[in-house]
Amino acid sequence: MTTGSLSLLGFGVDAAIDSLASIALIWRFQDERANPARATRMERLAERIVGGVLLTAAIALALGAVRSIVVHGQVEQSIGALVLLGTSIVVLPPLALAKRRVAGELRSGALRADAFLTGAAAMLACVSLVGVIASTLLGLWWADAVGALIIAAVLAREGWTSVRLSEGLEGPL
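A brief structural summary. (Residues numbered from 1 in each chain as written. Predicted model: local features only at pLDDT ≥ 70, side-chain atom pairs only at ≥ 80, totals over all residues. Heavy atoms only, no water.)

**Quick notes on the nonpolar core**
In step 1: One finds Ile17, Leu54, Leu61, Leu117, Ile151 and Leu155 to be the most contacted residues of the largest nonpolar core, which totals 20 residues.
In step 2: Mapped onto this core, the elements with two or more residues apiece are helix H1 (6–34), helix H2 (39–70), helix H4 (109–138) and helix H5 (143–168).
In step 3: A per-element tally of this core places H2 first, with 7 residues.
In step 4: Not counting residues up to four positions away in its chain, the partners in contact with Leu54 are Ala113, Phe116, Leu117, Leu155, Glu158, Gly159 and Ser162.
In step 5: If you look at the next biggest cluster of nonpolar residues, it comprises 5 residues, including Leu25, Ala46, Ala103 and Ala110. (Core = buried A, V, L, I, M, F, W, Y, C linked by side-chain atoms within 4.5 Å. Buried < 20%, exposed > 50% of the residue type's maximum accessible area, 1.4 Å probe, protein only. Helix = DSSP H or I, 4+ residues; strand = E, 2+ residues; numbered from the N terminus. Contact = heavy atoms within 4.5 Å.)

**With respect to the side chain of Glu158**
In step 1: The residue Glu158 is located in helix H5 in this model.
In step 2: Once residues within four sequence positions are removed from consideration, Glu158 is found in contact with Leu54, Arg112 and Phe116.

**Description of H4**
Along an α-helix, residues three or four positions apart point the same way, because every turn accommodates 3.6 residues.
In step 1: Its 30 residues place the ends of H4 41 Å apart at the C-alpha level, agreeing with the 44 Å of an ideal helix rising 1.5 Å per residue.
In step 2: Of all 30 residues that make up H4, 22 are buried, and the element is covered over most of its length.
In step 3: Remark: Gly139 follows H4 within two positions and exhibits a positive phi of approximately 75°. (Expected span 1.5 Å × (residues − 1).)

**What to know about the packing of H2 against H4**
In step 1: It is at 7 Å that the axes of H2 and H4 come closest, and there the two elements cross at 20°. The angle between H2 and H4 falls in the class roughly parallel. Crossing angle aside, the handedness with which H2 passes H4 is left-handed. Contacts from Glu43, Ala46, Glu47, Val50, Val53, Leu54 and Leu61 in H2 reach Gly109, Ala110, Arg112, Ala113, Asp114, Phe116, Leu117 and Leu124 in H4.
In step 2: By residue class, the composition of the contact of H2 with H4 is 10 nonpolar, 1 polar and 4 charged. (Axes fitted to C-alpha atoms, helices over the stretch in contact; angles between N-to-C directions. Parallel < 35°, antiparallel > 145°, perpendicular 65-115°, else oblique. Left-handed = near helix turned anticlockwise from the far one by under 90°. Nonpolar A, V, L, I, M, F, W, Y, C, P; charged D, E, K, R; others polar.)

Printed below as a string of structure tokens:
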């Protein structure tokens, strides 16, 4: 299922990183249930971890995009990749919205950042699909990489915001 699509690769990396962020959140909520007095500290730590994950995804995606532009990376069609992207575009936005709603109810910045990560995966799926179409139909070989750079910038901003907000919560880590 090789497509050469940078944003598709970024989508895969984002999914793996989203899994790590989810593990951090599960750990955070389990710890809070066992020891409610540590809730604020655990929230800060989880938010910092998820923010770091977002920053890592942004850096990896940006480096890949720059490399793709330098080497004139081409995107190829793959039915499997197109099905995966289409399914992700349908499934991930409602999941991201549900996570965001729960994050608001729980007042959890870490879960809010995780919701953003899920939304970013949906954006990457859209960018990847548009990149495949633009490259295949219009010959715009660079569209995928430019879209990936835009997503990387958004991920970096959100990651930095999560890390900074985690510093503003009560008490030292």
